[in-house]
2 protein chains.
Amino acid sequence: MSQERELTVKKLYLKLTNNSLEDGKEVVLSGWIRSNRDNGSVGFIAFNDGSNFKDIQLVYTKETKNYETIRTFRYGSTIKVFGLVKLTPENKQPFEIQLTDAILLNDYAEDCPLQKKRQSFEFLRDIAYLRPRTNTFNAVFRVRNVLAYVIHKYFQENGFMYVHTPIITSNDAEGAGQVFHVASDLKKPNEFFNSSACLTVSGQLHVEAFALAFRDVYTFGPTFRAENSNTTRHASEFWMIEPEIAFADLEDDMNLMESFLKYIINYVLENCKDEMEFFNTFIDKTLFDKLHNVLNTPFKRVTYTEGIELLKEAVKNGKKFDYNNIEWGMDLQSEHERYLTEEVVKGPMFLTDFPKEIKAFYMKQNSDGKTVAACDLLVPGVGEICGGSQREENYEVLKAKMEQLGNEKGLEWYLNLRKYGGCIHSGFGLGFDRLIMYITGISNIRDTQPYPRTPGSLRY
Amino acid sequence: MSQERELTVKKLYLKLTNNSLEDGKEVVLSGWIRSNRDNGSVGFIAFNDGSNFKDIQLVYTKETKNYETIRTFRYGSTIKVFGLVKLTPENKQPFEIQLTDAILLNDYAEDCPLQKKRQSFEFLRDIAYLRPRTNTFNAVFRVRNVLAYVIHKYFQENGFMYVHTPIITSNDAEGAGQVFHVASDLKKPNEFFNSSACLTVSGQLHVEAFALAFRDVYTFGPTFRAENSNTTRHASEFWMIEPEIAFADLEDDMNLMESFLKYIINYVLENCKDEMEFFNTFIDKTLFDKLHNVLNTPFKRVTYTEGIELLKEAVKNGKKFDYNNIEWGMDLQSEHERYLTEEVVKGPMFLTDFPKEIKAFYMKQNSDGKTVAACDLLVPGVGEICGGSQREENYEVLKAKMEQLGNEKGLEWYLNLRKYGGCIHSGFGLGFDRLIMYITGISNIRDTQPYPRTPGSLRY
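Rules and cut-offs
Counting of residues starts from 1 at the beginning of each chain's written sequence and follows it residue by residue. By the order in which they are written, chains take letters starting at A while ligands take numbers starting at 1. This being a predicted model, a pLDDT of at least 70 is required before a residue's local features are given, and a value of 80 or more before pairs of side-chain atoms are given or counted; all residues contribute to the totals for chains, interfaces and linings. Hydrogens and water are ignored here; the side-chain numbers use all heavy atoms of the structure. Think of it this way: any DSSP run of H or I at least four residues long counts as a helix, any run of E at least two long counts as a strand, and we number them from the N terminus. Here's how the labels work: a residue is buried when its accessible area is under 20% of the maximum for its type, exposed when over 50%, partly exposed in between, all with a 1.4 Å probe on protein chains only. His is not counted here, nor are the chain ends, while Lys and Arg score as positive and Asp and Glu score as negative. We put the charge of a Lys on NZ, of an Arg on CZ, of an Asp on CG and of a Glu on CD. We call a set of buried residues a nonpolar core when its members are Ala, Val, Leu, Ile, Met, Phe, Trp, Tyr or Cys and they connect through side-chain atoms within 4.5 Å of each other. Two residues qualify as a contact provided that any one of their heavy atoms is within 4.5 Å of a heavy atom in the partner residue. Being paired, for any two strands, means DSSP has found at least two bridges between them. Between N-to-C directions, angles span 0 to 180 degrees; the directions come from axes that are lines fitted to C-alpha atoms, helices contributing only their stretch in contact. When two parts are put together, the accessible area they lose, computed with a 1.4 Å probe and summed over both, is reported as buried area. By definition, a salt bridge exists where a carboxyl oxygen of Asp or Glu is found within 4 Å of a side-chain nitrogen of Lys or Arg. Gly is placed with the polar residues, together with every amino acid not listed as nonpolar (Ala, Val, Leu, Ile, Met, Phe, Trp, Tyr, Cys and Pro) or charged (Asp, Glu, Lys and Arg). Aromatic pairs are defined between Phe, Tyr and Trp rings, using the six-membered ring for Trp, whenever the two ring centres lie within 6.5 Å; interplanar angles under 30 degrees are classed as stacked, those over 60 as edge-to-face, and all others as tilted. Least-squares superposition of the copies uses the C-alpha atoms of those residues scoring a pLDDT of at least 70 in each of them. Reported orientations rely on four angle classes, namely roughly parallel under 35 degrees, roughly antiparallel over 145, roughly perpendicular from 65 to 115, and oblique for the rest. Here a helix's expected span is defined as the number of its residues, less one, multiplied by 1.5 Å. In this description, the arc belongs to the directions extending from the helix axis to the C-beta atoms.

*Asks:* Please clarify how the overall build of chain A should be interpreted in this entry.
*Replies:* Within chain A one finds 14 helices and 16 strands. Per-residue burial for chain A yields a buried fraction of 60% across its 460 residues. For chain A, the distance from the average position of its 55 positive side-chain charges to the average position of its 63 negative side-chain charges is 4 Å.

Written out as C-alpha cells, the structure reads:
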C-alpha cells in the first residue's frame, strides 16, 4: 500500500498550483464517487478521496477497460482508479483524469440514508456519522480543523503556553448555569474521588494559576453546560478558548482579542478559499462583507455607561426596542448590543466597564467602586461574540466578594494566588463552536460539531 | 501597560541568539524572584517572568535606587525592575541586568506552602496550583506544551484533519475498563439526554466515520477510565492521540507511527533544549541515549508468533521470567515485552499479528483465521508505548464478531460504515501523558498533568 498512500486529490491540486502537474502522467487513486453520469459513449465521475474540498473529474470512454461496469458504479461507492492526467487549462476544471481502468472496492448499499439529493440539515443531523460526506459539512469540518490549528499557531507564535485544564472538577467555577455530575457509581456519587465531581464549565480559574507561572497561557478544550436550552446557539458540550495573560490590564486584553480575532479570520480566509467561497455563495451572501469589515476596522471602545446614554438617546429619538426601558445597571439584551454595533458604531466594538452587580465575582473592581474592568466584544450580525476581563488581584477585595457570595469553600487556592506572588492579569473566553457559526454563516451550533450533544440528543 | 507587554525574558534570550541584544540597553521587566542574595555591597536576583525556562540575573549595588529595600525582597515575590543590559560573554550567564531600580508589586506571604527548599514530588502534587513555579514542573509543562503543538503540526503538515470526537457518549467504545457516568440529575440519570450517558474512553469509533469522509484524520482530546488503579501509570483523566487513515493497511499504519514518533521526539529535543538538558541531568541520566536510540534506529517488525518462539528459546536457555510458562495465545506481560525490545532487538520494535482472542473486536482478521492485523510498539525502558491496528472492513465478518460479543446495540452505525462506501483503514492510539513520561523521564503520570485526577484525588 505504501506507494499508493503517496498520491491524493489534494496533492494533485498542489502540483497544479506549483505548475508541476505533468500532462500524461500516470496516476492511481482510491476514493469515493460523488456523481457518475454517462451519455453512452463518454462518462464523467466526480471523484474525491476526502483529502481536498474540490473534487476531480474522471473521464471514461469505450476505450477504458471495464467501461460497461464503470457506468454502473453508484454514488458513494469506493473505487480505485488508474488513469492519465490531462491538463485542460481552457476548461472550468483545469485538469481531469482520463481513466484506463477502475475497480469497485466497496459498493454503496441502497439502504444508506445519505443519498445524492437535497436532504435537510435537520435530517442530516440525525446521521451525524455520514453527513461529513456532504459538501456543506465537508466544508464546515474543514474550516473547524483549520480554525483549531490557527488558534494554536497564533498562541504558540506569540509565546503562549497551552495548558490542559481538567475536565472533571470539584467546583463549578463561575457558578455559570447547571453542571453535569460525574460518578463511577451513580448510587455512590462521591465514592470514586472521595468528593462530588462535575464536568468543567470553564478552565479559567485553573489556568490563572498557570499564568502566574508562565505569564501568557491558554486553554482550549471541551466545556459543558447542563442547561435545558433548546436554542440554535446552545450545546451541552462545546469547546472553549481561554487565554490568560499576566502583567496585563484590560487594555492589553482588548488588544489581544482584536489581534487574535483578526489573525485567525484572515488565516481562514487565506487557507480555506474554496470552503469560504462555498459558504459565501450558498449559506450567507453577506459573509465576506461581514468578515472583511471585522478585518479592516479598528475595534471601537465604548464604556457601558456611554452605551446606556446612546441607547437612551435612541429611544428618545423614536427607536423601539422590545425592551425599551433603558437604565444604568441593566443587563443589555441582544437587540441593544446589535443596535450599538450595527447602527451606531457600524463595526466591531468593545463595550467596557460594566456595573459590578451584573458581572462575575473575579472581575477587577474599578476605582469608581461601581464598575468592573470587563469587556464584551460586539460584532454586527451577531452581537456579543466573546468577553473578557481584568481579574481582581487584590486579596482583600476578592476575599470580601467571595465571602459575600459564599463561594470561598473549595476555592481557597484561587484566592491564595493573590497573596503568593500575585500580579495584575487578564483574560477572555471565546466559544469555539459559536466562532465557527460566525465565520461560516452556519446558523445552528449543531451543524458545527462532529457529534452534537443537546438536551434529549445523544446519538452515536 | 501595552508598551511593557513587549519585553519578556524570552525575548531577551532570543535577541541574544540573534546577536541583537545591545549592551547598555534600558529595559523594564515584571516577574518573580527565584532567589535573592547579597553580600552587603552587591546583590543578585535570579529573575523570571515565566516566559522562558532559563532565568536571568539581576545585579544591584549601592548605586541602585532602593538598595536597602531590594535586599529584603523575598523568594516568590512579584517585582518590577528597571535596568541596563550588560553583556558578559566571558561568564556562564551571557548577559545580566544591572538594576537602576526595582519595586515590589506583590509580596510572597510567608504561609505559602511552596518554599525555596527541596520539596518532594508527592508534597508538590498536593499544591498543584503552585508547583508549575518549580524548575521541574516548569520544565514538564513546557515540554507538554511543545509536544501538544508538534502533534498538531505533524498531522496538519501531512494533510490530516483534526476532529473533536465527543466527550459525553452513549456507548463505552471498546468496552475497555469501567466508565464514568454523566447525569444532570444523579437521581434521574437518563433524563437529560433521554438515554444513559458516560465519558468517552476512546474517540476511535467516532473518528473512523470521519476517516471515511476525509481520508486522514486524528483526534486529540481527553479520555477517561473509572478504574480503581493506583499505579504510577494510571490516571482517571488523560489525553489521547488517535489518528485514523483510510486506504491504508497495517504496514502503512506502522510507517505512520514510526515517522510520527521520530518527528515529535526530534522536535522536542530541538525546541526544548534547556528543559531536556535539565531532565537528562536531574531526572534520568539515560534519557538522551534512550531517545537518540529511538531516533536513529529503524523500527524492527516481529510477529507475535515469532516473539513467542524467541521467548520460549530464552526460557530454554535459562532466562527466568516471573511468568515463565510461555505459550502461543497468551497475553504478553511487560517483562516479556521488555526482554524482546531490550535484549533481543535492542531497540524499538513492532510486535504484530496477535491472536484474535486477546485483541479488540474491530481489528482486521488475517487470512490465517487465527490472528488479527494489530501491532504494539515496544521501546526499551518501557515496553509497550502505543498500539494500532487495521480495522475490520468486511461487513459480514465484523457483524458476526459483534453479534458474538453482543455489542451491536447502539453500534449499528459503526457496522454500517462497512457497507456505505467502506474501505480498508487503520489507526493507532497513543496516551499523551504516558508519552510525556517517556520523553521527560518523569516516572509518575500525576507529575505530567496540570491537575491530575486519580481515585480518591480531585483537589482543585
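From this point, the discussion proceeds with the structure in view.
*Asks:* Help me out: how do you make sense of the nonpolar core in this one?
*Replies:* In summary, soluble globular proteins display a tendency toward joint burial of nonpolar side chains. Membership of the largest hydrophobic core comes to 232 residues, with the highest contact counts inside it found for Met276 of chain A together with Met276 of chain B. Excluding its chain neighbours within four sequence positions, the residues that come into contact with Met276 of chain B are Val143, Val268, Leu269, Leu287, Phe288, Leu291 and Ile439 of chain B.

*Asks:* Quick question: what am I supposed to make of the sheet that holds strand 2 (residues 42-48) of chain A here?
*Replies:* The strands making up a sheet associate through backbone hydrogen bonding, with each pair oriented either parallel or antiparallel. Residues and elements named next belong to chain A. One closed barrel accounts for five strands, arranged 1-2-3-5-4; its pairing is mixed. When strand polarity is set aside, the average angle formed by the axes of neighbouring strands in this sheet is 55 degrees. Note: strand 1 (residues 26-38) against strand 2, six bridges, orientation antiparallel. By the bridge assignment for strand 2, Ser35 is matched with Ala46. Sheet strands touched by helix 2 (residues 9-17): strand 1, strand 2, strand 3 (56-61), strand 4 (78-87) and strand 5 (95-106). Its angle to strand 5, the strand with the most contacts, is close to 170 degrees.

*Asks:* Would you explain the interface of chain A and chain B in this entry?
*Replies:* The figure often quoted for interface size is the accessible area lost as the parts come together. Listed per partner, the contact involves 111 residues of chain A and 111 residues of chain B. Approximately 9,400 Å² of surface area, both sides summed, lies buried where chain A meets chain B, with 62% of it carried by carbon and sulfur atoms. Our count for the contact surface shared by chain A and chain B stands at five salt bridges. Its salt-bridge partner being Lys419 of chain B, residue Asp111 of chain A comes within 2.9 Å of it at the nearest N-O pair. In terms of residue count, the dominant contributor to the side of chain A that touches chain B is helix 5 (residues 135-157) of chain A (11 residues). Of the residues in the side of chain A that touches chain B, the class split is 58 nonpolar, 33 polar and 20 charged. Pairing between strand 8 (residues 181-183) of chain A and strand 8 (residues 181-183) of chain B: three bridges, direction antiparallel. Each residue of the ladder has a partner; that of Ala183 of chain A, found in strand 8 of chain B, is His181 of chain B.

*Asks:* How do you make sense of the packing of aromatic side chains when you look at a structure like this?
*Replies:* By convention here, two paired aromatic rings are described through the distance between centres and the angle between planes. Tallied over the full model, the rule gives 79 aromatic pairs over all chains. Ring centres 5.5 Å apart and planes at 85 degrees place the aromatic pair Trp413 of chain A and Tyr460 of chain B in the edge-to-face group. In this pair, Trp413 of chain A is assigned in helix 13 (residues 412-416) and Tyr460 of chain B in the segment after helix 14 (432-440), connecting two distinct chains. Each of the two residues, Trp413 of chain A as well as Tyr460 of chain B, counts as buried. Residues Tyr451 of chain A and Trp413 of chain B carry aromatic rings whose centres are separated by 6.4 Å and whose planes lie at 55 degrees to one another, so their mutual orientation is tilted. Remark: Trp413 of chain B occurs in helix 13 (residues 412-416) and Tyr451 of chain A occurs in the segment after helix 14 (432-440); the pair is interchain, linking two chains. Taken as a pair, Tyr451 of chain A and Trp413 of chain B share a single burial class, namely buried.

*Asks:* Explanation requested: the side chain of Lys364 of chain B in the structure shown.
*Replies:* Residue position: Lys364 of chain B is located in the loop between strand 13 (349-355) and strand 14 (371-379). Beyond its immediate sequence surroundings of up to four residues, Lys364 of chain B is in contact with Thr371, Val372, Ala373, Gln390, Arg391, Glu392 and Glu393 of chain B.

*Asks:* Sorry, what's going on with the relation of the copies chain A and chain B here?
*Replies:* Both copies of the chain are tied together by a single rotation about an axis and a shift running along it. Mapping chain A onto chain B leaves a residual RMSD of 0.0 Å; the transformation is a rotation of 180 degrees accompanied by 0.0 Å of translation along its axis. Expressed as an axis order, the relation between the two copies is that of a two-fold axis. The C-alpha atom lying nearest the rotation axis in chain A is that of Val182 of chain A; the distance is 2.4 Å. Most of the interface of chain A is mirrored in chain B, where 100% of its interface residues are also at the interface.

*Asks:* I would appreciate a short explanation of the packing of helix 9 (residues 287-296) of chain B against helix 14 of chain B in the present structure.
*Replies:* Geometrically, a packed helix pair is captured by the angle between its two axes and the distance between the axes. Residues and elements named next belong to chain B. Interaxial distance between helix 9 and helix 14 falls to 8 Å at its minimum, and their mutual angle equals 115 degrees. Classed by the angle they form, the pair helix 9 and helix 14 counts as roughly perpendicular. Listed contacts from helix 14 to Leu287, Lys290, Leu291 and Val294 of helix 9 are Tyr438, Ile439 and Thr440. Counted by class, the contact of helix 9 with helix 14 contains five nonpolar, one polar and one charged residues.

*Asks:* So what exactly am I meant to see when it comes to the packing of helix 5 of chain A against helix 6 (residues 204-214) of chain B here?
*Replies:* Running from N to C, helix 5 of chain A and helix 6 of chain B point in directions that differ by 110 degrees, and their axes come no closer than 12 Å. Overall, the two elements helix 5 of chain A and helix 6 of chain B adopt an arrangement that is roughly perpendicular. Taken together, the residues of helix 6 of chain B that come into contact with helix 5 of chain A (itself represented by Phe137, Asn138, Phe141 and Arg142 of chain A) are Phe210, Ala213 and Phe214 of chain B. Here the residues of the contact of helix 5 of chain A with helix 6 of chain B sort into five nonpolar, one polar and one charged.

*Asks:* What am I meant to see in the sheet that holds strand 13 of chain B here?
*Replies:* Residue and element names in this part refer to chain B. Read from one edge to the other, the open sheet built from eight strands follows the order 6-10-11-16-15-14-13-12, with strand pairing classed as mixed. The sheet is open, and its two edges are formed by strand 6 (161-162) and strand 12 (300-303), each paired on a single side. Inspection of the sheet shows strand 15 (residues 383-390) paired to strand 16 (residues 425-431) by four bridges, in the antiparallel sense. Note that in strand 16 the partner of Gly388 across the bridge is Phe428. Contacts from helix 11 (residues 334-344) reach strand 13, strand 14 and strand 15, with the element oriented near 65 degrees to strand 14. Here helix 14 sits on the sheet and contacts strand 10 (216-224), strand 11 (237-246), strand 14, strand 15 and strand 16; the angle it forms with strand 16, its principal contact strand, is near 60 degrees.

*Asks:* So what exactly am I meant to see when it comes to the pairing of strand 5 of chain A here?
*Replies:* Where a strand is regular, its side chains alternate between the two sheet faces. As judged from the three bridges shared by strand 3 of chain A and strand 5 of chain A, these two strands associate in the parallel manner. For Val59 of chain A, the partnering residue across the bridge sits in strand 5 of chain A and is Gln98 of chain A.

*Asks:* How should I be thinking about helix 10 (residues 304-316) of chain B in this particular structure?
*Replies:* Along an α-helix, a turn takes 3.6 residues, which lines up residues three or four apart on a common side. Residues and elements named next belong to chain B. With 13 residues, helix 10 ought to run about 18 Å at 1.5 Å a step, and its terminal C-alpha atoms sit 18 Å apart, in line with that. Of all the positions in helix 10, only Tyr304, Gly307, Ile308, Leu311 and Ala314 are classed as buried. The buried side chains of helix 10 occupy one side of the element, clustering within an arc of 120 degrees when seen end-on. On its buried side, helix 10 packs onto strand 12, helix 11 and strand 13. Count one or two residues on from helix 10 and you reach Gly318, which has phi positive near 100 degrees.

*Asks:* I tried to follow unusual backbone geometry on my own but got confused; where do I start?
*Replies:* With the exception of glycine, the majority of residues adopt a negative phi angle, and the majority of peptide bonds are in the trans configuration. All names here are of chain B. Positive phi outside glycine occurs at Asn66, with the angle close to 65 degrees. With respect to the element layout, Asn66 can be found in the loop between strand 3 (56-61) and helix 3 (67-70). For Asn66, a relative accessible area of 35% gives the class partly exposed. Of note in this structure, Phe247 is not a glycine but carries a positive phi near 55 degrees. For Phe247, the location among the structural elements is in the loop between strand 11 and helix 7 (250-271).

*Asks:* When you look at helix 6 of chain B in this model, what are you seeing that I'm missing?
*Replies:* Residue and element names in this part refer to chain B. Here helix 6 lies mainly inside the structure; 11 of its 11 residues are buried. Within helix 6 the residues assigned to the buried category are Gln204, Leu205, His206, Val207, Glu208, Ala209, Phe210, Ala211, Leu212, Ala213 and Phe214. Directly beyond the C-terminal end of helix 6, a positive phi value near 70 degrees is found at Arg215.

*Asks:* Would you explain the pairing of strand 1 of chain A in this entry?
*Replies:* Residues and elements named next belong to chain A. The sheet contact formed by strand 1 and strand 4 spans seven bridges and is antiparallel. For Ser30, the partnering residue across the bridge sits in strand 4 and is Lys80. Between the antiparallel neighbours strand 1 and strand 2 lie three residues, among them Gly40 with a positive phi of about 100 degrees.

*Asks:* Would you take a moment to explain the environment of Phe155 of chain A for this structure?
*Replies:* Residues and elements named next belong to chain A. Note that Phe155 resides in helix 5. When the C-alpha atoms of Phe155 and Val217 are compared, they prove to be 8.2 Å apart, with 62 residues separating the residues in sequence. Each residue touching Phe155, except ones within four places of it in the same chain, is listed here: Phe160, Tyr218, Ile241, Pro243 and Phe260.

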